[in-house]
Amino acid sequence: MSMDDVDKIVAEARNNFPRVRVTGGVSPEEIEQLETLVGKLPPTYEYFLSKYGTLGFYGLEIYGLIKGNITGEGPPNAYFMTKSDLDDGTIPPGHVVVASTGYGPVFLLKCATGEVAGWNYTGEVDDELPTFKSFEAFLDDAASQTIADYKAENGQS
């Protein structure tokens with residue numbers, strides 16, 4: 001998967017929902033602030049931040065950076081969510097919070113490898129949640145599942 005795949009996933013969301021929220025791409029300097037906190041980001045997540053900032057539709061929130069307000073409080077701000085969890089010691093260094101399950105666990109992007117895994121705040125990977133080899137694989141799965149759920153709930157095939 002690649003940066004083109006990230007664009008295709010966002011386009012698919014826009015084709016299926018009347019309201020898809022992105023906060024707008026952020027500057028390299030804003031990305032550097034997150035990297036100062038966690039280390040070098042994987043290229044596709046850096047691309048996602050530079051082009052879209054964050055992504056939200058039909059209850060799915062992919063955390064990123066909010067242009068002009070990257071340290072602002074609350075989701076979908078990855079900087080705020082990551083920093084607060086690092087400060088609390090509830091996630092390991094070198095990870096970014098990229099989404100929440102909505103019922104407790106979060107999805108963490110491991111900067112060194114690009115993998116995304118569920119994290120249950122007890123200090124370990126949540127084995128009940130899938131692990132993804134890359135941010136774009138996680139994004140594809142989350143968006144595809146959200147689109148499928150929406151279509152099923154609205155009698156679409």
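Residues numbered from 1 in each chain as written. Predicted model: local features only at pLDDT ≥ 70, side-chain atom pairs only at ≥ 80, totals over all residues. Heavy atoms only, no water.

- If you check an unreviewed UniProt entry, the chain appears there as SMI1/KNR4 family protein from Neorhizobium galegae.

### Quick word on the pattern of salt bridges
Then, in step 1: Tallied over the entire structure, the rule returns five salt bridges.
Then, in step 2: Linking K40 and E46 is a salt bridge whose minimum nitrogen-to-oxygen distance equals 3.0 Å.
Then, in step 3: For K83, the salt bridge goes to D87, with nearest N and O atoms at 2.9 Å. With K83 and D87 both in helix 4 (residues 78-88), this residue pair falls four residues apart, about one helical turn.
Then, in step 4: Residue class for D87 comes out exposed when judged on its relative accessible area of 56%. (Salt bridge = Lys/Arg side-chain N within 4 Å of Asp/Glu carboxyl O. Helix = DSSP H or I, 4+ residues; strand = E, 2+ residues; numbered from the N terminus. Buried < 20%, exposed > 50% of the residue type's maximum accessible area, 1.4 Å probe, protein only.)

### Things to note about the sheet that holds strand 6 (residues 131-132)
Then, in step 1: Pairing within the open sheet is antiparallel, and its four strands lie in the order 3-4-5-6. Edge strands, defined here as strands with exactly one partner in the open sheet, are strand 3 (95-100) and strand 6.
Then, in step 2: Where strand 3 and strand 4 (residues 106-110) come together, five bridges link them in antiparallel fashion. Each residue of the ladder has a partner; that of V97, found in strand 4, is L108. (Pairing = 2+ DSSP bridges.)

### Things to note about the layout of surface pockets
Then, in step 1: Empty space within the largest pocket amounts to approximately 180 Å³.
Then, in step 2: Contributing to the lining of the largest pocket are L60, A99, S100, T101, Y103, F107, L129, P130, F132, F138, D141 and A142.
Then, in step 3: Those elements that place two or more of their residues in the lining of the largest pocket are strand 3 and helix 5 (135-153).
Then, in step 4: Take the lining of the largest pocket: its biggest share by element is three residues, from helix 5.
Then, in step 5: By residue class, the composition of the lining of the largest pocket is nine nonpolar, two polar and one charged. (1 Å grid on protein atoms, 1.4 Å probe; cavity = no way out; pocket = protein on both sides within 12 Å on 5 of 7 lines; lining within 4 Å. Points joined across faces, edges and corners; volume = space filled by probe spheres on them. Nonpolar A, V, L, I, M, F, W, Y, C, P; charged D, E, K, R; others polar.)

### What to know about the pairing of strand 3
Then, in step 1: The buried fraction of strand 3 is high, at five of six residues.
Then, in step 2: From the end of strand 3 to the start of strand 4, which pair antiparallel, there are five residues, and G102 there has a positive phi angle of about 90°.

### Some points on the nonpolar core
Then, in step 1: By size, the foremost hydrophobic cluster in this structure holds 47 residues, and its most contacted members are Y45, V96 and F138.
Then, in step 2: At seven residues, helix 5 tops the list of elements feeding residues into this core. (Core = buried A, V, L, I, M, F, W, Y, C linked by side-chain atoms within 4.5 Å.)

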